[in-house]
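# Residue-level structural notes
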Amino acid sequence: MKQGRLVPLQAPLPTPYDIDKPKQSRRAIRSFRLLALIFGAAFYYTFLHQAVASSFSSKLPFTTLVRPQVLPHRQALVDQCKNLRAPAGPPPDFNPATRLDNGGKSDRFVEGTKPVVIRNAKIWTGRVGGNEVTRGDVLLDRGLVVDVGKIHEDFLTLEDVEVIDAKGRWVTPGLVDLHSHIGVDSSPHLNGAADTNSRKAPILPWLRSIDGLNTHDQAFELTVSGGVTTAQVLPGSANNIGGQAFVIKLRSTSEKSVISKVLEPPQTLITPSSNVTHLHWRHMKSVFNFISHTSTHFG
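Since we're looking at a predicted model, the values are computed, not measured. (Residues numbered from 1 in each chain as written. Predicted model: local features only at pLDDT ≥ 70, side-chain atom pairs only at ≥ 80, totals over all residues. Heavy atoms only, no water.)

## Overview of the overall build of the protein chain
Within the protein chain, the secondary structure is distributed over four helices and ten strands. Along the protein chain, helices and strands appear, N-terminal first, in the series α-α-β-β-β-α-β-β-β-α-β-β-β-β. By the burial criterion, 27% of the 299 residues in the protein chain qualify as buried. In the protein chain, the share of contacts with a sequence separation of at least 24, taken over all contacts with a separation of at least 6, comes to 60%. Working note: accessible area of the protein chain is about 21,100 Å², and carbon and sulfur atoms make up 59% of it. (Helix = DSSP H or I, 4+ residues; strand = E, 2+ residues; numbered from the N terminus. Buried < 20%, exposed > 50% of the residue type's maximum accessible area, 1.4 Å probe, protein only. Contact = heavy atoms within 4.5 Å. Areas by Shrake-Rupley, 256 points an atom, 1.4 Å probe, with all protein chains shown as cover.)

Structure representation (C-alpha cells):
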C-alpha cells in the first residue's frame, strides 16, 4: 500500500448472510436426517415389520400373530373374498318368464287381494320411447298389469272386482327413485332413529342400508301416494364410500320385514356364502368431490 492511496482487496469482506450459511447448512442436514428417519420407520413398519414378526414368531410355538378367536372365521373370510370377485348379474339359468309360472301371478302377490280395474284414465304406458299416452282402463290382477285399454263390461260386474273411476286423471307405471334414504332417515326426523350416515371411517364398503331400514316409517306411505313404488336406498354422503345400497319395494307387507321389501336380494342375504355360485347384484354408494353422488354397480 502506498501512502495516501488505498489498494482494493482481492476478495470482498464476508456479509452477515455469508456468515449464517454454515448454520443454515447444518439445519438442512438435520431436517434431511429427520425426514429420512421418519420415512425409514414408515417403510419398516409397512413392509418389514410383518415379515420380521412372522419369522420370529415361527420360532416360538406358543405365540401367534392371529388372535385365537379369529381362527374359526378364517374360512368365512376367504369365502367372502371370493364373493367380492364374483361377476354381477342374473344367474346363468335365469328366465324372466319363470316369474309368471307360479299360477300366473307375481312372486310378490298377496293372497286375497282382489282384482282392480282403473277406469276412464289418461294412461302413460311408457312405450314408444316413453311417448305413448292412451285413454282407457287398466286391469290389475294377481300382482300383474293384465291389460291396458278397454276392459269388457261383463268383467266389471263381478263381485270380487274393485273398480276405481279415475275420471280422466293420469295413471302411470310405478316410479323408481334411484337415490333415496327412505327408511334409514326417519320421517319425521328423529336423531335417535336416523341411520343414514356412519362417521366411523371414511371408507365403509361393508355398511348396508338395509341394516338400518325402519319398515314402519310413515315415509313409505307418503312416498307411495306420490307414485313412487320402488326405491334404491343408499347410505348417506358422509363418507368417500358410504356402503351398500339396496332396491326395495315400498308397498306394505304383512310381516313388515326388511327382506319382504328387498327386490331380488343377493343370494348371500338368504344363502350361506359357501354355497353361493352367482350374485344377483351389488350397489355401492360413492361420493366424488363431495358434490356428485353415484350408485356404482360393482361386480
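## Things to note about a nonpolar patch on the surface
Nonpolar side chains collect at one region of the surface, where Leu34, Leu35, Leu37, Ile38 and Phe39 lie side by side and expose about 560 Å² of accessible area between them. Relative to the elements of secondary structure, Leu35 occurs in helix H1 (residues 16–58). Classification of Leu35 as partly exposed rests on a relative accessible area of 48%. (Patch = residues over 30% accessible without salt bridge, like charges linked within 9 Å, V, L, I, M, F, W, Y side chains within 5 Å. Salt bridge = Lys/Arg side-chain N within 4 Å of Asp/Glu carboxyl O.)

## Focus: the side chain of Thr196
Locating Thr196 in the fold gives a position in the loop between strand S6 (175–180) and helix H4 (219–225). The buried category is assigned to Thr196, whose relative accessible area is 11%. Residue contacts for Thr196: discarding those within four places in its chain leaves His181, Val184, Asp185, Pro235 and Gly236.

## Remarks on the nonpolar core
Counting 13 residues, the largest nonpolar core has Ile182, Leu213, Phe220, Val233, Ile248, Leu250 and Val262 as its most contacted members. Among the elements of the structure, H4, strand S7 (228–233) and strand S8 (241–249) are those that each provide at least two residues to this core. Broken down by element, this core gets its largest block of residues, three residues, from S7. Excluding residues that lie within four positions of it along the chain, Val233 makes contacts with Ser180, His181, Ile182, Val184, Ser209, Leu213, Ala245, Phe246 and Ile248. (Core = buried A, V, L, I, M, F, W, Y, C linked by side-chain atoms within 4.5 Å.)

## Remarks on the pattern of salt bridges
Working definition: two side chains of opposite charge can pair if their charged atoms are close together. Per the stated rule, a full pass over the model turns up two salt bridges. Between Glu132 and Arg127 there is a salt bridge; the shortest N-O distance is 2.9 Å. Assessed through its relative accessible area of 23%, Glu132 is described here as partly exposed. Salt-bridge contacts for Arg208 lead to Asp211; the nearest nitrogen and oxygen are separated by 2.9 Å. By relative accessible area, Arg208 is classed as partly exposed at 28%.

## Digging into the environment of Ser225
With respect to the helices and strands, Ser225 occurs in helix H4. For Ser225, the side chain forms a polar contact with the main-chain oxygen of Leu222, separated by 2.5 Å. (Polar contact = N/O pair within 3.5 Å; in protein donor to acceptor, adjacent residues only side chain to side chain.)

## Notes on the side chain of Gln232
Note that Gln232 resides in strand S7. Residue class for Gln232 comes out buried when judged on its relative accessible area of 5%. A polar atom in the side chain of Gln232 sits 2.8 Å from the backbone oxygen of Leu178. At a separation of 3.1 Å, a polar atom in the side chain of Gln232 contacts the side chain of His283.

## Re the environment of Asp185
Examined against the element boundaries, Asp185 turns out to sit in the loop between S6 and H4. For Asp185, a relative accessible area of 31% corresponds to the partly exposed category. Look past the residues within four positions of Asp185 in its chain and what remains in contact with it is Ala194, Thr196 and Asp217. A distance of 3.3 Å separates the side chain of Asp185 from the side chain of His189, its partner in a polar contact.

## Re unusual backbone geometry
Each neighbour pair has its own omega, and for Ser187 with Pro188 the value is 0 degrees, a cis peptide bond. On the secondary structure map, Pro188 appears in the loop between S6 and H4. Its identity as a non-glycine residue notwithstanding, Lys167 has a phi of 55 degrees, on the positive side. Structurally, Lys167 is set in the loop between strand S4 (162–165) and strand S5 (170–171). Positioned with a positive phi, Lys256 is a non-glycine residue whose angle comes to about 60 degrees. Among the secondary structure elements, Lys256 is positioned in the loop between S8 and strand S9 (283–288).

## Re the confidence of the model for the protein chain
Residues of the protein chain with pLDDT of at least 70 account for 64%, and the chain-wide mean is 75. Mean pLDDT per element in the protein chain: strand S10 (residues 292–297) is the minimum at 40, and S7 is the maximum at 94. Long-range and interchain partners of residues 56–64, a stretch whose pLDDT sits below 50, account for two contacts in this model, where long-range means more than four residues apart. (pLDDT = per-residue confidence, 0-100.)

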